[in-house]
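One letter stands for each residue in the lines below.
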Amino acid sequence: MIDLHCHILPGLDDGPTDIRHSVEMAQQADRDGIHTVCATPHIRHDHDVRIAELPDRVAALNGALQRAGCAVTVIPGGEVAETIVGHLTDEELSAVALGGKWVLLEPRPGPLSDSLGATVGELRIRGFRSLIAHPERHLSADLLTRLAALVAGGALVQATAATMIDPPADRGMRLLAEAGLIHVLSSDSHHSRVGREVALSAGLRRLGGIDPVAEHLPWVRDLAPAAILAGADLTPPFPPRG
Ligand SMILES: [Fe+2]
């Protein structure tokens, strides 16, 4: 499996401060059957993440993983705040986009608003696609309608794996899944010892029992994450259900 959203790089954002904990996060991933982890530090005004440094930081972590005998590979990416997209050059966006194309887009705090749709449209014009991060943190009465509109505009939706199995959030996640509005699961883990683990399998098992994902689980689990990392265009096999 591939984890498309993980704050695994040490000493950068609100992830681990010590590379030992980054290695522990990769070991958690390995135990869960994850072979590739995207390092997605916050690209946001309140975090001093320098995009040009990311390849070297990722290489250093991969070196530590090799020395530790961990078979997981870390690749560079970023969790790009909606509020910073307009301040990044195409080159900067490409450097943090998954597969050079898919921008893991963090909505501004609070309910989703029209501005997110405008940002998805702006990214499309600039040659990028949007992967909307953790919509479950942006609840509102019109969440499903807004997400369906974003999907119609070419976006895909990334939900957090742990929320699929954590009561009471799991009930809302079921509603999102039944509406055809969850396309991939990621860990969004920030530490090996605090908060969510780097793990996807339990959440995917739960998601795989929900129609319409049930008959498309291989697409959700394997094909879509791999295509995103390949920078491919991608259309979900199930449309949003109104
Ligand atoms: Fe995140």
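Model, not experiment: these values are computed from the prediction. (Residues numbered from 1 in each chain as written. Predicted model: local features only at pLDDT ≥ 70, side-chain atom pairs only at ≥ 80, totals over all residues. Heavy atoms only, no water.)

Enquirer: Requested: an account of unusual backbone geometry, with residues and values cited.
Expert: In this structure, P168 follows P167 across a cis peptide bond, with omega equal to 0°. Turning to its location among the elements, P168 is positioned in the loop between β8 (156-160) and α6 (169-178). Following D211, the chain continues into P212 via a peptide bond in cis, with omega recorded as 15°. Its place among the elements puts P212 in the loop between α7 (201-207) and α8 (217-229). Positive phi values are uncommon outside glycine, yet H134 reaches one of about 30°. A relative accessible area of 1% places H134 in the buried class. A positive phi is found at D188, a non-glycine position, where the angle reads about 45°. Structurally, the position occupied by D188 is in the loop between β9 (184-186) and α7. (Helix = DSSP H or I, 4+ residues; strand = E, 2+ residues; numbered from the N terminus. Buried < 20%, exposed > 50% of the residue type's maximum accessible area, 1.4 Å probe, protein only.)

Enquirer: Hey, could you go over the coordination of the iron ion for me, with residue numbers and the actual values?
Expert: The protein atoms donating to the iron ion are H5 (NE2), H7 (NE2), E79 (OE) and D188 (OD), with metal-donor distances spanning 2.1 to 2.2 Å. Coordination at the iron ion is irregular: its four donor atoms span angles of 82 to 169° at the metal. Counting residues between consecutive donors of the iron ion along the chain gives the motif H-x1-H-x71-E-x108-D. Separated by 183 residues along the polypeptide, H5 in strand β1 (residues 2-6) and D188 in the loop between β9 and α7 bring together distant segments of the chain. Comparing H5 with D188, the two get one shared label, buried. (Donors = N, O, S within 2.8 Å, 3.2 Å for Na, K, Ca; no water. Tetrahedral: all angles 85-135°; square planar, octahedral: opposite > 155°, others 65-115°.)

Enquirer: Before we move on, could you go through the nonpolar core and cite the residues and values that matter?
Expert: I8, V80, L131, I182 and I228 are the most contacted members of the largest nonpolar core, which has 79 residues in total. Setting aside chain neighbours within four positions, we find I228 in contact with L4, L98, G99, W102, L131, L156, V184 and L234. (Core = buried A, V, L, I, M, F, W, Y, C linked by side-chain atoms within 4.5 Å. Contact = heavy atoms within 4.5 Å.)

Enquirer: Requested: an account of the sheet that holds strand β7 (residues 129-133), with residues and values cited.
Expert: With respect to topology, six strands assemble into an open sheet ordered β3-β5-β6-β7-β8-β9, the strand pairing being parallel. Two strands bound the open sheet, and with one partner strand each, they are β3 (42-43) and β9. As judged from the two bridges shared by β3 and strand β5 (residues 79-81), these two strands associate in the parallel manner. Note on β5: the bridge partner recorded for H42 is E79. Where α8 meets the sheet, its contacts fall on β6 (102-106), β7, β8 and β9, and the angle it forms with β9 comes to roughly 85°. (Pairing = 2+ DSSP bridges. Axes fitted to C-alpha atoms, helices over the stretch in contact; angles between N-to-C directions.)

Enquirer: Could you give me a rundown of the side chain of D13, with the residues and numbers involved?
Expert: Counting through the fold element by element, D13 comes out in the loop between β1 and α1 (19-32). No salt bridge is formed by the buried D13. Its closest oppositely charged neighbour is R44, at 7.9 Å. In terms of polar contacts, D13 uses its side chain to reach the side chain of H7, at 2.8 Å. From its side chain, D13 meets the backbone nitrogen of H42 in a polar contact 2.9 Å long. Leaving out residues up to four positions away in the same chain, D13 has contacts with H7, T40, P41, H42, H47 and V49. (Lys, Arg positive; Asp, Glu negative; His and termini not counted. Salt bridge = Lys/Arg side-chain N within 4 Å of Asp/Glu carboxyl O. Polar contact = N/O pair within 3.5 Å; in protein donor to acceptor, adjacent residues only side chain to side chain.)

Enquirer: I'd like a rundown of the sheet that holds β1, residues and numbers included.
Expert: In space, the three strands of this open sheet follow the order β1-β2-β4, with parallel pairing throughout. At either margin of the open sheet sits one strand with a lone partner, and together these are β1 and β4 (73-76). Geometrically, the sheet is characterised by an average inter-axis angle of 25° between neighbouring strands, direction not taken into account. When β1 meets strand β2 (residues 36-39), the two strands line up parallel, connected through three bridges. Directly across from I2, in β2, lies its bridge partner T36. With respect to the sheet, α8 is in contact with β1, β2 and β4, its orientation differing from that of β1 by roughly 65°.

Worth remembering: the numbers are spatial, not functional.
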